[in-house]
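Examination of the molecular architecture
Below, each chain spelled out in residue letters.
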Amino acid sequence: MATSRSNPAALDLQTGDFPVAGHTLHWERTGDLAHPTVILLHHGLGSTRAWKAQTADFAARRWQVLAYDRWGYGRSSARPALDLPNFGTDVDDLAALLDGLGIGRAALVGHSDGGTVALYFAARFPERVTALVTVAAHIYLEGSMLPGMLALRQAFDGDPRFRQGLQRAHGENVEAVFRNWYQGWVRPEHLGWDMRPMLGTVRCPVLVIQGEMDEHATPQHARDLAEQVAHGELWLAPGAGHMLPQDLPAEFNRRVLEFLEPARPAESRES
């Protein structure tokens with residue numbers, strides 16, 4: 001596993017590429033390794049770059065921050081297709097990455113598809129998750145999701161700025177990233193997907209965040225998620241859309257850090 005450090009005087013940042021099951025995952029770890037870990041899981045068209053407004057703030061509050069490009073994204077290996085909507089390979093990858101980096105337990109923060117990955121991981125490995133924050137996570141498919149996805153399809157095809165933003169995150173793999181995400185979610189056979197029956201197995205504290213004006217889900221979607229997990233708390237952000245961590249970073253960071261603080265080990269809080 002190759003690792004490197006960059007500009008340690010300004011920010012304690014360690015990066016690496018982790019091999020797992022024939023592909024590699026690019027990861028970035030910020031902050032003191034003695035601090036408890038929070039893992040950031042990017043959205044369906046995102047990468048580690050999506051968390052640039054969070055990593056320094058979280059590290060300054062005594063968290064070791066781990067962000068990584070899921071398989072098929074960013075600087076991780078290219079991928080022929082995503083295994084939507086159950087994300088089984090992504091859950092396996094996250095478990096392997098934590099083992100490889102020597103991380104036993106962690107808090108998870110997941111945005112959109114990353115939130116769904118986090119929920120599946122917490123259900124499968126409850127002993128490894130201290131707390132969970134979902135941001136606009138999907139737990140079933142709504143009719144309101146299709147217009148939002150079609151709008152993104154049109155933006156990818158016709159808006160150079162939108163495409164350039166994805167290009168900065170994914171480089172030469174940008175076409176495959178968008179194709180895999182879009183084609184993965186619009187399949188008719190996924191219309192019946194619903195993970196609500198298994199959400200009761202998520203036993204850790206969960207903060208459910210969603211913008212009231214989210215383009216891909218109604219507020220009821222977030223209410224259903226908060227009600228189905230064992231210990232759910234809901235923040236519906238007035239006037240906010242799907243990209244809440246990027247659009248309202250100060251308020252988002254404050255709310256998430258306050259929620260995560262009780263999950264910190266007692267000895268870390270006392271220090």
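Predicted, not measured: the structure shown is a model, and the values here were computed from it.

Scoring rules and cut-offs
Residues numbered from 1 in each chain as written. Predicted model: local features only at pLDDT ≥ 70, side-chain atom pairs only at ≥ 80, totals over all residues. Heavy atoms only, no water. Patch = residues over 30% accessible without salt bridge, like charges linked within 9 Å, V, L, I, M, F, W, Y side chains within 5 Å. Areas by Shrake-Rupley, 256 points an atom, 1.4 Å probe, with all protein chains shown as cover. Salt bridge = Lys/Arg side-chain N within 4 Å of Asp/Glu carboxyl O. Helix = DSSP H or I, 4+ residues; strand = E, 2+ residues; numbered from the N terminus. Axes fitted to C-alpha atoms, helices over the stretch in contact; angles between N-to-C directions. Parallel < 35°, antiparallel > 145°, perpendicular 65-115°, else oblique. Left-handed = near helix turned anticlockwise from the far one by under 90°. Contact = heavy atoms within 4.5 Å. Nonpolar A, V, L, I, M, F, W, Y, C, P; charged D, E, K, R; others polar. Buried < 20%, exposed > 50% of the residue type's maximum accessible area, 1.4 Å probe, protein only. Pairing = 2+ DSSP bridges. Core = buried A, V, L, I, M, F, W, Y, C linked by side-chain atoms within 4.5 Å.

**Examining a nonpolar patch on the surface**
A contiguous nonpolar surface patch, about 220 Å² in accessible area, is contributed by Leu146, Leu150 and Val186. Summarising the element assignment, valine 186 is placed in the loop between helix H6 (174–185) and strand E8 (205–211).

**Remarks on the packing of helix H4 (residues 145–158) against H6**
Put simply, H4 and H6 touch, their axes get as near as 11 Å, and they point 160 degrees apart. Classified by the angle between their axes, H4 and H6 sit roughly antiparallel to one another. Judged by the sense of rotation from one axis to the other, the crossing of H4 with H6 is left-handed. For the pair H4 and H6, the contacting residues are Met149, Leu150, Leu152, Arg153 and Phe156 in the first and Val174, Glu175, Phe178, Trp181, Tyr182 and Trp185 in the second. Among the residues making up the contact of H4 with H6, the classes are represented as nine nonpolar, no polar and two charged.

**Re the pairing of strand E4 (residues 37–41)**
Most of E4 sits out of view: five of its five residues are buried. Along E4, one buried face is formed by Thr37, Ile39 and Leu41 and the opposite face, lined by Val38 and Leu40, is buried too. Pairing of E4 with strand E5 (residues 64–68), which is carried by four bridges, proceeds in the parallel orientation. Pairing of valine 38 across the sheet is with valine 65, part of E5. Sheet analysis places E4 next to strand E6 (residues 106–111), joined by four bridges and oriented parallel. For leucine 41, the partnering residue across the bridge sits in E6 and is glycine 110.

**Focus: the nonpolar core**
Looking at soluble globular proteins, one finds that nonpolar side chains tend to be buried together. Among the nonpolar cores identified, the biggest contains 61 residues, and Ile39, Leu119, Phe121, Leu132, Trp181 and Val202 are the most heavily contacted of them. Setting aside residues up to four positions removed in sequence, tryptophan 181 forms contacts with Gly44, Leu45, Leu82, Leu84, Asp113, Met149 and Leu152. Within the second largest apolar cluster, 24 residues are counted, among which are Ala59, Val65, Ala131 and Leu257.

Keep in mind these values describe shape, not function.
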